[in-house]
Amino acid sequence: MCGEIFMPFESIFQDVRNAVDKVHDSGLLKQLTLDNLRKYVHKDERLPVLFNRMRAHGSKLFLLTNSDFSYTDKIMTYLLNGFENRSWQSYFDYVVVDAKKPGFFEGGTTLREVDTESGTLKLGVHMGPMKAGRVYAGGSVNTLSQMLGISGKEAIYFGDHIFGDILKSKKIRGWRTFLVVPELGQELNVWHDKRHLFARLGELDSKVSEIFRQYDSTATTKPDISVIQEAIREIVHEMDMSYGMLGSIFRSGSRQTHFAGQMIRYADLYSSTFLNLLHYPFFYLFKAPTMEMPHESTVDPELPIDTSMNLSYRGRSTSLKSVSFDGSRENGLEEVARDIVIDDASCSKGHVPHLRADTPRRITHHHDVDDSDDESSSPESSSSDLKANGHEDENGADQVQA
């Protein structure tokens, strides 16, 4: 606040957003990039090596970008031409420009073919199948998936935009996702040097917990923790400033940022560069570290559980008079027979019998099919064998760092 002028964070965000949109829409940002390729675009000789190894493994590669063909052609020519006597387009099975992500993963737009000689769109709407080696503009993820012959976890998609690339492709299509976070190197360096601050922060949080643990619902006076809170604020500020004026992109003190939360939920893998995959075989199984839930982290294995708590068990106390089994098998799982006879005496006493099946005595399923070897899977039938494993739901998966 300065005099009668108040500048809320929402207003600052909107001003910055409008400025960024204007720079993008005007074409000034792209033109400055093309005029200074060596300054703004990092060329790495390992890039064609990784692409060649992926294709040799049997994977299909596609390039999906929101940029127009003219800009894409200049950037990719700079990155890939010169290492081998071939054009950059030959490294990919399909190239899609002007994709309009994230809309590409939903309804999409009109699919048109690009004239690579003039850089303009060909007349009319492309109606036939997409052909390998050609460049297309627009379209939708459905068309691309059909051409690649992939669905769901058979694809792994690399991107650097948490919303336009990672979140939408994961939620809508169920693709495996690899988030590129260039700032990760700096984050790791600061974390290595300032790890003691985070440890100190944990000690202060534990002190607060110990103070409040002495009280129950009969307490009427709130304890004074202002000294500890001030110490926490000082440490959090020192940690934030260690990353720069804007702080860490992953955390503020002991709290994760919104970006970090989205990354953990929607990115299967993340790294400062996808070139790190050169250090792994393409059949490598990435597994996220096991994480405790809040209630699990409070359990001390050296102390017994307080039996005075109202514990709810899901055991089966009702006895069954007889159970018969069919013995037949379907899809490798034993099928329980239908004939279960309930003891009438227990019903007459008002007890409702448990009608659930007995607890399985052998493994009947996996939470993630990637834990098991699928004989039907092969490098020829899958776009990528790279796997990231963790407990998943329809909206995302645990992530691991490559």
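Residues numbered from 1 in each chain as written. Predicted model: local features only at pLDDT ≥ 70, side-chain atom pairs only at ≥ 80, totals over all residues. Heavy atoms only, no water.

Participant: Tell me what's going on with the overall build of the chain, and back it up with residues and numbers.
Facilitator: The helix and strand inventory of the chain stands at 13 helices and 19 strands. When each of the 402 residues of the chain is scored for burial, the buried share is 32%. Intrachain contacts of the chain at a sequence separation of at least 6 include 68% that bridge at least 24 residues. Within the structure as shown, the chain displays about 26,800 Å² of accessible surface, and the carbon and sulfur contribution to it stands at 53%. (Helix = DSSP H or I, 4+ residues; strand = E, 2+ residues; numbered from the N terminus. Buried < 20%, exposed > 50% of the residue type's maximum accessible area, 1.4 Å probe, protein only. Contact = heavy atoms within 4.5 Å. Areas by Shrake-Rupley, 256 points an atom, 1.4 Å probe, with all protein chains shown as cover.)

Participant: Which residues make up the nonpolar core, and what values go with them?
Facilitator: Burial of nonpolar side chains together is a common tendency in soluble globular proteins. Core analysis: the largest hydrophobic core is formed by 33 residues, its most contacted members being Leu79, Leu80, Trp88 and Phe92. Among the elements of the structure, α4 (46-56), α5 (69-80), β2 (94-97), β5 (135-137) and β7 (176-180) are those that each provide at least two residues to this core. In terms of residue count, the dominant contributor to this core is α5 (7 residues). Residues contacting leucine 79, with those up to four places away along its chain left out, are Val41, His42, Lys43 and Leu47. (Core = buried A, V, L, I, M, F, W, Y, C linked by side-chain atoms within 4.5 Å.)

Participant: Explain the packing of aromatic side chains to me, using residue names and the numbers behind them.
Facilitator: Taken as a whole and assessed by the stated rule, the structure comprises 17 aromatic pairs. Among the aromatic residues, those joined into a cluster by ring pairs are Phe51, Trp88, Tyr91, Phe92, Phe158, Phe178 and Phe274. It is arginine 86 that lies over the ring of tyrosine 91; its NZ or CZ is 3.9 Å from the centre. (Phe/Tyr/Trp six-rings, centres within 6.5 Å; stacked < 30°, edge-to-face > 60°. Lys NZ or Arg CZ within 6 Å of the ring centre and 35° of its normal.)

Participant: Describe unusual backbone geometry, listing the residues and the values that go with them.
Facilitator: Along the chain, lysine 101 connects to proline 102 via a cis peptide bond; the corresponding omega equals 5°. Residue position: proline 102 is located in the loop between β2 and β3 (112-115). We note that aspartate 98 has phi near 45°; this positive angle belongs to a residue other than glycine. With respect to the helices and strands, aspartate 98 occurs in the loop between β2 and β3. In this structure aspartate 98 comes out as partly exposed when scored by relative accessible area, which is 21%. In this model, lysine 100 sits at a positive phi of 60°, which is unusual for a non-glycine residue. One can find lysine 100 in the loop between β2 and β3.

Participant: Provide a residue-level description of helix α11 (residues 258-266), including the pertinent values.
Facilitator: Among all positions in α11, only Ala260, Gln262, Met263 and Tyr266 are buried. The arc that holds the buried residues of α11, viewed along the axis, is 165°, so those residues lie on one side. (Arc of directions from axis to C-beta.)

Participant: Explain the sheet that holds β3 to me, using residue names and the numbers behind them.
Facilitator: Here we have 5 strands laid out as an open sheet, ordered β1-β2-β5-β3-β4, and mixed in their pairing. The open sheet has two edge strands with one neighbour each: β1 (62-64) and β4 (120-121). Across 2 bridges, the pairing between β3 and β5 is antiparallel. Looking across to β5, one finds that arginine 112 is bridged to alanine 137. (Pairing = 2+ DSSP bridges.)

Participant: Explain the packing of helix α9 (residues 195-212) against helix α10 (residues 226-242) to me, using residue names and the numbers behind them.
Facilitator: Here α9 crosses α10 at 160°, and the two axes come no closer than 10 Å. Judged by the angle between their axes, α9 and α10 are roughly antiparallel. Handedness of the crossing formed by α9 with α10: left-handed. Seen from α9, the contacting residues are Leu197, Phe198, Arg200, Leu201, Leu204, Asp205, Lys207, Val208 and Ile211; seen from α10, they are Ile228, Ala231, Ile232, Ile235, Val236, Glu238 and Met239. Partitioned by chemical class, the residues of the contact of α9 with α10 number 12 nonpolar, no polar and 4 charged. (Axes fitted to C-alpha atoms, helices over the stretch in contact; angles between N-to-C directions. Parallel < 35°, antiparallel > 145°, perpendicular 65-115°, else oblique. Left-handed = near helix turned anticlockwise from the far one by under 90°. Nonpolar A, V, L, I, M, F, W, Y, C, P; charged D, E, K, R; others polar.)

Participant: Run through a nonpolar patch on the surface, naming residues and quoting values.
Facilitator: Taken together, the side chains of Met7, Phe9, Ile12, Val16 and Val20 present a nonpolar region at the surface, about 510 Å² in accessible area. By secondary structure assignment, the location of methionine 7 is in the segment before α1 (9-26). Accessibility expressed as a relative area gives 43% for methionine 7, which makes it partly exposed. (Patch = residues over 30% accessible without salt bridge, like charges linked within 9 Å, V, L, I, M, F, W, Y side chains within 5 Å. Salt bridge = Lys/Arg side-chain N within 4 Å of Asp/Glu carboxyl O.)

Participant: Report on the environment of threonine 298, specifying residues and quantitative values.
Facilitator: Topologically, threonine 298 is positioned in the loop between α12 (294-297) and β12 (320-323). Accessibility expressed as a relative area gives 63% for threonine 298, which makes it exposed. A distance of 2.8 Å separates a polar side-chain atom of threonine 298 from the backbone oxygen of histidine 295. (Polar contact = N/O pair within 3.5 Å; in protein donor to acceptor, adjacent residues only side chain to side chain.)

Participant: Run through the pairing of β2, naming residues and quoting values.
Facilitator: Taking every second residue as pointing to the same face, both faces of β2 are buried, with Tyr94 and Val96 on one and Val95 and Val97 on the other. Two elements, β1 and β2, share 3 bridges in a ladder whose sense is parallel. Residue pairing for β2: leucine 63 is matched across the bridge by valine 95. Handedness of the β-α-β unit built from β1, α5 and β2 comes out right-handed. As judged from the 3 bridges shared by β2 and β5, these two strands associate in the parallel manner. Counted as the bridge partner of valine 97 is alanine 137 from β5. (Right-handed = clockwise from strand over helix to strand, strands pointing away.)

Participant: Outline the side chain of aspartate 165, listing residues and values.
Facilitator: Positionally, aspartate 165 belongs in helix α7 (residues 162-173). Engagement of the side chain of aspartate 165 in a polar contact is seen with the side chain of tyrosine 157, the distance being 3.2 Å. Within polar-contact distance, the side chain of aspartate 165 engages the backbone nitrogen of aspartate 160 at 3.3 Å. Not counting the four nearest positions on each side in its chain, aspartate 165 is found in contact with Lys101, Phe105, Tyr157, Gly159 and Asp160.

Shape descriptors only; they carry no functional weight alone.
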